[in-house]
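Each chain, letter by letter, is given below.
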Amino acid sequence: MSNLSLASESLSVESSKKKPSMKKRAGSVTRHLLLCFAGIFFLGPFAYLLLTSVKSIDDIFAVPFVWWPKELYWTNYSNAVNFIPFMRYTMNTLFVSLLCVAGELIAAPLTAYGLARIPFKGRNFLFMIIMATIMLPSQATMIPLYVLFNKMNMVNTYWPLILPAFFGAAYYIFLLRQFFMGIPQEVSESAKIDGASEFRIYWQIILPLSRPALFTVGLLVFLNSWKDYQLPLIYLNDPEKWTLSVGLKAFIGEYNIEWGMLMAAAALFALPIIILYFFVQKVFIEGITMTGSK
Amino acid sequence: MSVFKNKAFGMIASIVVTASLLAGCSSNESSTNNGATGKSAGKVEISFWHTYTDADADPIKKTVENFNQSQDRIKVKILGNQDPTKQLTAISGGAAPDVVLTYWDNVGPWADAGAILDLTDNIAKDEFDINTIIPAAMDRMKVNDKYYAMPFTMSIGSSLMYNKAAFKEAGITSPPETLEQLFDYAKQLTKRDDSGNISQIGFIPDYPWIDNVFWPVIFGGSWYDEATGKVTPNAEANVQAIAYQRSFYEEFGQSQIDKFKSGMGKRGTPQDPLLTGQLAMYIGWEYNFMQERTEDGPIGVADFPYPEAHPELKGSGMVSPRAVFIPTKAKHSEEAWEFIQYLMTTDTQIQFSLDGHVIPTIITALDDNRLLSEENKTMWTFYEKAKSENLNGFPNSPYISEYLQSLSEETEKALKGSLSPQEAMDNVADKIQPLVDKHS
Amino acid sequence: MTEKSSNTVGIRKRERKVLLTGLLFTSPWIIGFLIFQLYPVAASFYYSLTEYNLFKAPEWLGLRNYTELFRDEKFYLSMYNTLYITIVGVVPHLAYALVMALLLNTKVKGQSIYRTIYFLPTLVPAVAGSLLWMWLLNSQYGLINMGLSYIGITGPNWLIDPDWTKPSLVLMGFWGTGTITVMYLAALQDVPKMFYEAAEIDGASKWRQFWTVTFPFISPMTLFQLIMMLIASFQYFTEGMVFAEATQSTGGPENSLLFYSIYLYQQAFSFLDMGYASAMAWMLFMVVMFFAFIIFKTSAKWVYYGGDK
């Protein structure tokens, strides 16, 4: 496991760096400026969402634009939460999303490992097939897939949303394959000589080394399944089973949209993922130090 | 390493637990699967899907509740927010509900494809009198000369809505009677700032959208000739309708209108251009400005103008009904038909129209005193308009989507001046006629 | 050497064992494919050779749907729109996300906050996002044109002028790059720091360090992003629908937003021509396959895998 020691070594080198030179300091200032500018750009949409969520309908559409509302309409939030069974939809969404994460984290790394680190005959062909399956637009396969789930008696259950995750999605398989292929062969070679099985190498060496990648996949799966609208709409019939993204539609009437409530609900919709992300992104920094200390 | 191992086992254990939970809760569900149709306690349960989201679903929920209480053989299970894509997927995918409420223009293609039950037998069997229904609405339910659906409710575009203050300011005392007056008034109501940019406009013929049916109706146009089996988008009246719209662009300038349009407030909000007076006149439907079109409100409602040369077209308007139908694959089509008949009774129609502030499709309901409540006052004029002989709509057909799409595309070109109105409408005819020939 | 030639049976046995292990590892996907994907994929291919309206039994047409495509002007138009958004959008978005990831990967104060901020736009639901766009891109009061007018440029009529609707979408796309940035951040953790040390000692500039150290290590991620963004871009759908909705028509002004998948959807769900739509899907499949193949072929030259021997 030579690369691990390398990593920790380089970290310690970095932390013991000497005082930054003038040039470096100038560099860091420009970096800060850049980050700030980009930060404002990226903060924009969300700040807009938050501001709109506490505005009255008059302020939301005021021309020219009103930045700060004359009066804060916090009631948008309480109204939104009461207008739809918000808690119930949140729990449903959480349930679906967490199971999707679990499923994807079991299936995708396994498949990716097979593709990346086991030189079996036909693996390139298999990889090609996996990639090919996502090149066909989903609109063309939507109805046959529905027929399939209907035959399996799974319409109006959560199965069509969750079950496919337990067999791995091409997107995450490809992503993890790329990570696994980047890990030097020497890492597993010594273990192989010691007679460790392929699964042991996968489980005890490769997976721990891939924490940042696995957390990324977990985060993305959670995010995508949290935001998904099409599948829950198509497969869930009982309103009690709906997820948040479907529930959000309740604010959009045919001729009249409850903008204030919609924005408040949208802000609440995003909240769990923000919290999750805030913690997960730390792993990107800590990932190496933790595996390195083993 | 061992720490990780334990964690991993913990993770797997928790997954197994949640997975078994999932299995547990869904095994309950699979027994009440697929819109939960079936018999329970002697009652037949039928599923009814509609397009309303929770924001507008109260009136239809109440109607279903009333039906469920009115008898003890059928229980209707209602499900909202079912957009046409989902409706289509479920019906095609083998999990069709028993009754579907959808937009009328879906009926043509779906019926022709074999997804919708032909109501002819049911109508005959129960001696259901379709002559009680407003003809312009009932005609929209007809595909290949058969009725496939019932018009549960309808919208009418036959009004001119206008900003009263803008009229007053311009010294206009009454709304325009004829299309020629509309054009003159529009000029009077348009203002420009010092740099020549439009700051207020009288009328935009394709706001909020390109009206590919409304305008030809106003001009007495047609789309299909039964006798010859030819589509007629390029008939004289249709072309005139496009040319008339084009004249506004010639008068005010294409880029000027476009620029002004993009700066207008959002429709249906307090910044709606008709409310702010940015726009003085507007093609009105009964659902527009419900609160603001009261006697002392800011918005006035008038009959939409007619061509001066054709006074017989006075009171013309476009009808857009909402259709309720039974899928061919419905499991309980008998009960579904009973529910549909309930929806079409005068009493139900009146109750729903009162609750939802919509227009009933039963002729006698239009004169019923119950609808003329003070609280429903802004609807009164629309009940009158619904009696007009000159209401019309686009013929329903297997190729209606292609036809409407093509009309929009070519009208857009004509309005922008890249084609003449005649050329544009000829294009539509060329494109759609082969589809007609294929289907006949 | 001698071992090898003397025992081919052993090699075969080992090969078989490797094959078995490989298949075992990849079995989740293979099983999933057989259960959930094989039938829909095969069905759509069959439909593409038939006339099928979703309800009546499909009628065999052979290749007629495919030949029909080449006579359909909207096929070309929607393909053009899609190629436009792909060519103009993918590389700038990718480069932008990479730059952001590099900036975020350095030790700066408030790093976690920045990282969270960059991720936020991807969390705004489309309905809320579209409202924001409408306001930003409003040609008269919009923030973008107001900004442009400060530097003396009269901004275009973004949402109405058919020449500008697609650039508007590309512009908005920069906000969605947060997830790409996140993935790059994860990839950047795999770059061994010692290489930078060595490069620094050699006196290599930051720019050079990027190309000789950083880029090779994150090249597998770049390949992934290129391929995935290519596929996603060719299937561009939701944003185009939301945008077009604002202009009250399926294809936007002069069909400038009629993307391939939107036209396909229209054919399938509005015109009920699932046969034609399926042919469109398989045509797109071939086009994407072609581009992906080229990228994969050239990748041997610029993608470096740490695990390669």
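Residues numbered from 1 in each chain as written. Chains lettered and ligands numbered in written order. Predicted model: local features only at pLDDT ≥ 70, side-chain atom pairs only at ≥ 80, totals over all residues.

Our focus in this paragraph is helix α8 (residues 165-173) of chain C. Residues Thr165, Lys166, Ser168, Leu169, Met172 and Gly173 of chain C constitute the buried set of α8 of chain C. Burial along α8 of chain C is one-sided: seen end-on, the buried residues are contained in an arc of 155°. (Buried ≥ 20, exposed ≤ 12 C-beta atoms within 10 Å, placed from the backbone. Helix = DSSP H or I, 4+ residues; strand = E, 2+ residues; numbered from the N terminus. Arc of directions from axis to C-beta.)

Interface extent is often summarised as the accessible area lost during association of the parts. Residues and elements named next belong to chain B. Its domain assignment divides chain B into domain 1 (8-156 + 319-391) and domain 2 (157-317). The distance between the C-alpha centroids of domain 1 and domain 2 comes to 33 Å. Elements supplying a minimum of two residues to the side of domain 1 that touches domain 2: β7 (150-163) and α15 (380-385). Ranked by residue count, the leading element in the side of domain 1 that touches domain 2 is α15, at three residues. Of the residues that constitute the side of domain 1 that touches domain 2, the class distribution is six nonpolar, six polar and one charged. (Domains from an automatic or database assignment. Nonpolar A, V, L, I, M, F, W, Y, C, P; charged D, E, K, R; others polar.)

As a further point, take the pairing of strand β4 (residues 99-103) of chain B. Residue and element names in this part refer to chain B. For β4, the buried fraction is high: four of the five residues fall into the buried class. Here two bridges tie strand β2 (residues 43-49) to β4, and the two strands are oriented parallel to one another. Across the sheet, Trp49 pairs through a bridge with Val100, a residue of β4. In the sheet, β4 pairs with strand β14 (residues 317-325) via four bridges, with the strands oriented antiparallel. Opposite Leu101, over in β14, you have Val324 as the bridge partner. (Pairing = 2+ DSSP bridges.)

So, about the nonpolar core. Generally speaking, nonpolar side chains in soluble globular proteins are found buried as a group. Judged by nonpolar contacts, the single largest core of 288 residues is most densely connected at Ala266 of chain A, Val107 of chain B together with Tyr184 of chain C. If we skip the residues at most four places from it in the chain, Tyr184 of chain C touches Ala97, Leu98, Ala101, Ile218 and Met221 of chain C. (Core = buried A, V, L, I, M, F, W, Y, C linked by C-beta atoms within 7 Å. Contact = placed C-beta atoms within 7 Å.)

So, on to the interface of chain C and chain A. The interface of chain C with chain A comprises 78 residues on the first partner and 85 residues on the second. The element contributing the most residues to the side of chain C that touches chain A is helix α2 (residues 8-47) of chain C, with 20 residues. Here the side of chain C that touches chain A is composed, by residue class, of 55 nonpolar, 17 polar and six charged.

With that settled, the discussion passes to unusual backbone geometry. A negative phi angle characterises most non-glycine residues, just as the trans form characterises most peptide bonds. All names here are of chain B. Tyr207 connects to Pro208 through a cis peptide bond whose omega is 0°. For Asn81, which is not glycine, the phi torsion reads 60° and is therefore positive. Along the polypeptide, Asn81 turns up in the loop between β3 (74-79) and α3 (84-92). Accessibility expressed as a C-beta count within 10 Å gives 21 for Asn81, which makes it buried. Residues other than glycine seldom take positive phi values, yet Phe289 does so here, at roughly 50°. Mapped onto the elements of the fold, Phe289 is located in the loop between β12 (281-285) and β13 (299-303).

The next subject is the confidence of the model for chain A. Residues and elements named next belong to chain A. Averaged over chain A, the pLDDT score is 86; the fraction of residues at 70 or greater is 88%. The spread of mean pLDDT over the elements of chain A runs between helix α1 (residues 2-15), the lowest at 38, and helix α8 (residues 159-162), the highest at 97. Low pLDDT, under 50, characterises residues 1-18; the predicted model gives this stretch 24 contacts beyond four residues in sequence or across chains. Taken together, the stretch residues 287-294 has pLDDT below 50 and engages in 14 contacts with residues farther than four places along the chain or on a different chain. (pLDDT = per-residue confidence, 0-100.)

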